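# Structure at a glance
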Amino acid sequence: MALRYEYSTADSYYVLLTFLVLTVVPATYYVASRPPAHEQPAARRAAKDATDLPKCPCKTCARSRAARAEAAAPNFLARAVAPADPAAASSVRKAVNTWLGTFSVANFAIGALWSALLLVVYKIATGRTVVQLWDPYAVLGVAEGASKKAIRAAYRALSLAEHPDKVAAGLRKAAEAKFTEISKAYKVLTDAKAMANFEKYGSPDGPQATSFGIALPPWMTNATFVVVAYLALLAAIGYGLYRVFYLGGLAGSPASDSQKLENGLMRGPLEKLALSFKGPTAGAKDPKDSPPVTVDRAFAMIASTARAHHPDYAVPAETARAVPKSASFGEKSTTPASTALHAHLHRAGPVDPEFVSTCDKVSEAMVALALQRGRLADALACVAAQRAIISAAKPTDAPLLALPHLTPAMVAKLGGSAVSILSLVRRGRDALAKTLAKDLSEEEIDEVWTAAGDAPYLAITGASFGDVTSGATPGNETTAHADSGVIACTAKMIVTTVRDQAAREAAGTAPSTTTTAAAAATASPKLTGAAKRKAAKEGKKSPTPAAAAEVADDDRAASATPPAVLTREIPPAYVHAPYFPEIKRSGIWLFLSEQSGGAARAPILNGALIPFDDPRLLTARDDETGEVTFRIAMRGPRMAATFNLCLSAVTTSTHWAGHDTSRTFRVKLDRWSKKQRMAAGADAAEAEAAAAPAKYQVIDIEAPRGVREEAQAEAEAEAENAAEEAS
């Protein structure tokens, strides 16, 4: 006999389990694969701390790094369950903080879904799936094989008892279903054809239409619910695809994350910041005629842009009260962002690390924008602002205040703002220890002395200018002239430590190297020995139209003293920045500018950042003099004139502020006639210069994009014109 199975609504748990598994597992993987939203800055900082970036060895910076690592697990629950072992404690804090102690909507939703899944699993495990076999004998309450008389009597009794008209109105629906079932059972047991149909098809009426059922709760079978649910599901899927493929992720609000760039800054505020560098100010027709960016204006622009990224942030009241009332960036009103930046620069109290990090990123973007604008004053102001943010010290503060452990009172004892780090090292450690004996321990004095001695000493000792349009190798540059497409400034710079420079000065092994016009002419490329000797003796210009470099007035020229023997090969690349939430790499910004129109609007011809851990500083270094050779290419002016070209070297952290240097060289470019070029064999010399091996190693800073290609195209066009004229 064929049996019909009917399942209870308990089977709906299996459907819910399927939906929960398909939802919880992907959602858990998505959330677990990224840090919680409010801990992402700490996670980025911890990742940076774990890299090979150079780290300041002083205890102040070490404590700051340890505090940042501790801040990655700030909640009390993680601290309470952490074991005694520091390594194990860190792992436990991280795990507990990530899941149990993180108060975020995503984690709460994941927790709720997992709780529901576990509840469904518990219901399935402890419940029973009741499988009822429909038996007509059991429905009528008679034994199997009972006589027709007994079946008829049972049917009459049940039909009278279960008749819908004899029950209360509230029970009528259930009574109708029961009465229908009783009638069907009686028909099966009393009619031979009905019995045959039931045994063959499972129904006394013969073959029926095939039907399928799903184990859903009754409230989920409502037609309105099903339509709304499916429409909502389609809308959610569409919105999710839109966020993933257009906005770049599921998390975050469209107003913020959708506009973020690779450096974490939002596109809108950064584009607004860029307009201040591109557009002219009131009364200026050309952007280059706009007033240069000052340091205070740079700070105001940084604060304004940072406010767009942190609109709701404000420093604590006690920190704001500690900021001097006279502190101002020149703005008419004080915003919460400018107050926070002032608090950081005055070291008035704790400031949100993410806000400080945003200010640093904005200042870095401003340096790039200043380079695009092409004015030296703007770039120097933006670099000064970035250095101030990194070391939490105003540009006007005493240089010694950036050293470990030193306070304004201690700096005053050492001589105040007039004392540079080089002057401090010249005095010697004993003088430092004697002055600060009551303020610092011997270990702390050692850290101050080490940090001061590790500061870099930079001095530009000389430069020459040559034509590299055809790709001349280092040391083989031909004479630069007015028609040169690409001109290279080959500069020599001492890159050593303050400690080493002070030791060389004390030993008297560092002679002065003031470059004169005759010396510069001697260094000009492609001159004969007799011409060099004559130029050096008479101090006159080269007989050929050479780019003679003449040193202008510069108070740093007399101190450009290359040490005879180097005790340290290169300055360390770490930055002493205990108030900054990230580890920074230090180096040198090199700017080549043209000063003939005035320093305020001097255009930048080329610029580059060279980190102190760049291996090229070692390969391009003269071990005897400590001079590193840089070759900076620039676009040729294409005119005959005398230019004042300034080479500026700027360190990238306030820890070494005051060690910047610059030299100005007067370069005269003459125009060559075709007859002069042919007589001097200039074309053949350029070809030989490109094929000749380099005479020494240099740090090559290529010309801005497109300059060399344009110069080569112009040279080819001139050659074609000359060939046509000759033919």
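Data block above holds the structure.
Residues numbered from 1 in each chain as written. Predicted model: local features only at pLDDT ≥ 70, side-chain atom pairs only at ≥ 80, totals over all residues. Heavy atoms only, no water.

## Describing the pattern of salt bridges
Rules: Only one rule defines a salt bridge in this text: a Lys or Arg side-chain nitrogen within 4 Å of an Asp or Glu carboxyl oxygen. Helix and strand definitions here come from DSSP, where helices need a minimum of 4 consecutive H or I residues and strands a minimum of 2 consecutive E residues; each element is numbered from the N-terminal end. For every residue, the accessible area obtained with a 1.4 Å probe (protein chains only) is divided by the maximum for its type, and the residue is called buried under 20%, exposed over 50%, and partly exposed between those limits.
Within the structure shown, the criterion is met by 17 salt bridges. The salt bridge involving Lys-584 is made with Asp-360; its shortest N-O contact spans 3.0 Å. With Lys-584 in the loop between β6 (549–551) and β7 (587–594) and Asp-360 in helix α16 (residues 353–373), this residue pair connects regions lying 224 residues apart in the sequence. Each member of the pair, Lys-584 together with Asp-360, is buried. Between Arg-616 and Asp-614 there is a salt bridge, with the nearest N and O atoms lying 3.0 Å from each other. Taking relative accessible area as the criterion, Asp-614 reaches 13% and is therefore assigned buried. Among the charged side chains, a network of salt bridges with common partners joins Arg-373, Arg-375 and Asp-378.

## Overview of the packing of aromatic side chains
We count it as follows: Side-chain rings of Phe, Tyr and Trp, where Trp is taken by its six-membered ring, are said to pair if the distance between their centres is within 6.5 Å; with planes under 30 degrees apart they count as stacked, over 60 as edge-to-face, and otherwise as tilted. Lysine and arginine charges are scored as sitting over a ring when NZ or CZ, respectively, is within 6 Å of the ring centre and within 35 degrees of the ring normal.
Applying the stated rule across the entire model yields four aromatic pairs. Each ring, one from Phe-465 and one from Phe-665, has its centre 6.3 Å from the other, and the planes form 65 degrees; the classification is edge-to-face. Here Phe-665 lies in strand β11 (residues 661–669) and Phe-465 lies in strand β3 (residues 456–467), a separation of 200 residues in the sequence. Phe-665 carries the same exposure label as Phe-465, and that label is buried. Over the ring of Tyr-696 we find Lys-492; its NZ or CZ atom is 5.2 Å from the centre of that ring.

## Some words on the sheet that holds strand β5 (residues 486–497)
This is how it is decided: Here the rule is simple: two strands pair whenever DSSP picks up at least two bridges between them. Note on definitions: a residue-residue contact is assigned when non-hydrogen atoms from the two residues lie within 4.5 Å. Think of each axis as a best-fit line through the C-alpha atoms, taken over the contacting stretch in the case of a helix, with angles from 0 to 180 degrees between the N-to-C directions.
Here we have five strands laid out as an open sheet, ordered β4-β3-β5-β9-β12, and mixed in their pairing. A strand with exactly one partner marks an edge of an open sheet, and here the two such strands are β4 (478–479) and β12 (699–701). Inspection of the sheet shows β3 paired to β5 by 11 bridges, in the antiparallel sense. The residue of β5 that forms the bridge with Tyr-457 is Thr-496. Of the strands in this sheet, β3 and β5 touch helix α22 (residues 498–507), which is tilted by about 80 degrees from β5.

None of this, on its own, says anything about what the molecule does.
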